[in-house]
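# Fold and contact review
The primary structure of each chain is shown beneath.
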Amino acid sequence: MNNNLLSAGHTACSGCGQSLAARMVIDAAGKNTVVVNNTGCLEVFSTAYPESAWGVPWVHSLFENAAAVASGVEAGLIYLGKKDSINVIAQGGDGSTADIGLQALSGMLERGHDILYVCYDNEAYMNTGVQRSGLTPFDTNTTTSPSGKKSSGNIRPKKPMPEIANAHGIPYVATASAGYPQDIQRKVKKALSIKGPKYLQIHVPCPLGWRHEPNLTIEVGKLAVECGLYPLIEYESGKLSAVRKISAKPVEEYLKVQGRFKHLLSNPEEIKKIQAIADYNIEKYGLKLQTEAGS
Amino acid sequence: MYGPLIVKPGSSKKNKTGSWRVEIRPQFLKKNCIGCKMCLLICPEGCISGEGKNTYDFDPMYCKGCGTCAAICPKKDILMIKEEAKD
């Protein structure tokens, strides 16, 4: 048995992308870390009372205030003179980051605390039964944005959280994906080496809410990146410093493996709209891989 | 202090989630393994252990049988087989 800082025995679903991403983050951060968790899947499955899967000090308060509680933890560590040797990580899901906890997160970023905020983006409120959140992508079928005769799912595009975080003028903003676990670890280590507020958003496939086969977790994560719907980018001091170049696969390859986009496969008009979102991302961040033969 | 406290780290190990597994389980063939560690890295339970080529194996007490290890293995050295089948 491995001595991971997030132990086995947690109650995540079979094939959960979030549990592997959370393990990548905490193992990269090391044992000198205090974790503050928002309410969400991660909090529920990792700490089913009276047991905890965490091997580090871990605090849960409310749905919205991991960023605020982490600010207090950081201030306390500074008072004790221990901040230099202890990392503080605040983490939550997409709902508690982009909707409910946005004010606490914004306050943390603005006050300049030395904290890494990690958002595990599974693109809906999965814990309570797949309701749409601010980070749910366009045309997704969820229980509160159902598809049917007059609707093709979620009517709004995804909230640009990395850009919102970056607009606070913080030193490091990055996106990662559970499809690329080593990339998550590299970005966490890089973020923790920088002083000041950091924001990391990790795309985590959810077999239950996205309705794909549990063994496709990694594959689905990679496809989202490869087709341009989830660009892996890094901002350092406000400037785009690195992107992951992609071969720009058609978005159908990503959509067809997931039940939440099943209604789109008979609707080419809507697929064109999603392809337009991917093309916009590819253009905006310069994701396209330059082939040698072409240039 | 307020609220419920859990003092023992990693106490979730008491919870043997292997009982969740239905129908299929992984089988590590240990023949063509190149030691890339991808299975160990991506197991959502973190229940795969090993050191070096052809040593990796899963812990049946915790494996939920999702099959991500079999899907990611570059040498197809991990199979998903019926629960009752013998190694």
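Here the structure is a predicted model, which means the values were calculated and not measured.

With that out of the way, let us pick up the overall build of chain B. The helix and strand tally for chain B stands at two helices and four strands. Taking 12 Å as the expected radius of gyration for a compact globule of 87 residues, we find that chain B reaches 15 Å, considerably beyond that expectation. Residue pairs in contact within chain B that sit at least 24 positions apart in sequence constitute 67% of those at least 6 positions apart.

This part covers the sheet that holds strand β2 (residues 58-60) of chain A. All names here are of chain A. Here eight strands make up an open sheet; going across it, the order is β2-β1-β3-β4-β6-β5-β7-β8 and the pairing mixed. Every interior strand has two partners, whereas the edge strands, β2 and β8 (239-243), have only one. Looking at each pair of strands side by side, their axes are set apart by 20° on average, direction ignored. The pairing of strand β5 (residues 172-177) with strand β6 (residues 198-203) spans six bridges and is parallel. Note that in β6 the partner of V173 across the bridge is Y199. Seen against the sheet, helix α3 (residues 66-80) touches β1 (33-37), β2, β3 (87-93) and β4 (116-121) and runs at an angle of roughly 175° to β3.

Let us now look at the packing of helix α1 (residues 17-29) of chain A against helix α7 (residues 181-192) of chain A. Residue and element names in this part refer to chain A. Running from amino to carboxyl end, α1 crosses α7 at an angle of 40°, the nearest separation of the two axes being 9 Å. Regarding the angle of α1 to α7, the classification is oblique. Pair α1 / α7 crosses with right-handed handedness. On the side of α1, the interface is formed by L20, A21, M24, V25, A28 and A29, while α7 contributes P181, I184, Q185, V188, K189 and L192.

Of the residues lining the interface, 28 residues belong to chain B; the matching set on chain A comes to 31 residues. Elements with a minimum of two residues in the side of chain B that touches chain A: α1 (38-42) and α2 (68-72) of chain B. With four residues, α2 of chain B is the largest single contributor of residues to the side of chain B that touches chain A. Tallied by class, residues from the side of chain B that touches chain A come to 13 nonpolar, ten polar and five charged.

Attention now goes to the confidence of the model for chain B. Per-residue confidence for chain B averages 87 on the pLDDT scale, and 97% of its residues sit at or above 70. Across the interface, the model reports ipTM at 0.88; the global pTM reads 0.91.

What follows deals with the environment of N154 of chain A. Looking at the element boundaries, N154 of chain A is found in the loop between β4 and α6 (161-166). Separated by 69 residues in the primary sequence, N154 of chain A and L223 of chain A place their C-alpha atoms 21 Å from one another.

Procedures and definitions
Residues numbered from 1 in each chain as written. Chains lettered and ligands numbered in written order. Predicted model: local features only at pLDDT ≥ 70, side-chain atom pairs only at ≥ 80, totals over all residues. Helix = DSSP H or I, 4+ residues; strand = E, 2+ residues; numbered from the N terminus. Rg over C-alpha atoms; globule rule 2.2 N^0.38 Å. Contact = placed C-beta atoms within 7 Å. Pairing = 2+ DSSP bridges. Axes fitted to C-alpha atoms, helices over the stretch in contact; angles between N-to-C directions. Parallel < 35°, antiparallel > 145°, perpendicular 65-115°, else oblique. Left-handed = near helix turned anticlockwise from the far one by under 90°. Nonpolar A, V, L, I, M, F, W, Y, C, P; charged D, E, K, R; others polar. pLDDT = per-residue confidence, 0-100.

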